[in-house]
Amino acid sequence: MSRRTKKAAPTPGAARSTVTVCRGCCCGTPAKVPYLNHETQLTDLRTQLARVAMVRRTDCLDACERANVSVIQPSAEGRKAGGRPVWLGQVNDPDAAADITTWVKNGGPGLAEAPDILDLYTFSPSRRVRHELED
């Protein structure tokens, strides 16, 4: 491969979608959502999305009334295509996590249509909360 056609190595994680999973005071606790194995859900997301997205855990996204909350942020390519972060609440069953995984594997926000069922989970957080996550 000549130097002209050689592409620069991508910055790790820079081009990938990011899935932020809340595991703070309410999300991720058996007191709030007793029938879900929260650690298994997070581990499964990390395992299934290891090559296509960064999955990170955060303490609190300040939307406790919608526990468990996840935010799907587009990849750089998805953002260029018009994708914006999608906030999902009450992600409390394996089917919802599977739908998120499938969507992100297909490209996520801006590159692939979310499964229709995820419309039931989508919400808009306050502007302050959105800016805190994006900063």
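Everything below is about the structure shown above.
Parameters and conventions
- Residues numbered from 1 in each chain as written.
- Predicted model: local features only at pLDDT ≥ 70, side-chain atom pairs only at ≥ 80, totals over all residues.
- Heavy atoms only, no water.
- Helix = DSSP H or I, 4+ residues; strand = E, 2+ residues; numbered from the N terminus.
- Buried < 20%, exposed > 50% of the residue type's maximum accessible area, 1.4 Å probe, protein only.
- Contact = heavy atoms within 4.5 Å.
- Axes fitted to C-alpha atoms, helices over the stretch in contact; angles between N-to-C directions.
- Parallel < 35°, antiparallel > 145°, perpendicular 65-115°, else oblique.
- Left-handed = near helix turned anticlockwise from the far one by under 90°.
- Nonpolar A, V, L, I, M, F, W, Y, C, P; charged D, E, K, R; others polar.

A. Quick look at the side chain of Ser 75. In this fold, Ser 75 is placed in the loop between β3 (70–73) and α2 (76–80). On the accessibility criterion, Ser 75 (5% relative accessible area) is buried. Beyond its immediate stretch of four places on either side in the chain, Ser 75 contacts Ala 15, Arg 16, Ser 17 and Leu 111.

B. Spatial organisation of the packing of helix α1 (residues 38–48) against helix α3 (residues 94–105). Packing of α1 against α3 brings their axes to within 10 Å, and their N-to-C directions diverge by 20°. With respect to α3, the axis of α1 lies roughly parallel. In this structure, α1 crosses over α3, and the sense of that crossing is right-handed. Packed against α1, whose contacting residues are Gln 41, Leu 45 and Gln 48, the element α3 presents Ala 97, Thr 101 and Lys 105 at the interface. Taken together, the residues of the contact of α1 with α3 sort by class into two nonpolar, three polar and one charged.

Function cannot be read off these values alone, since they describe shape.
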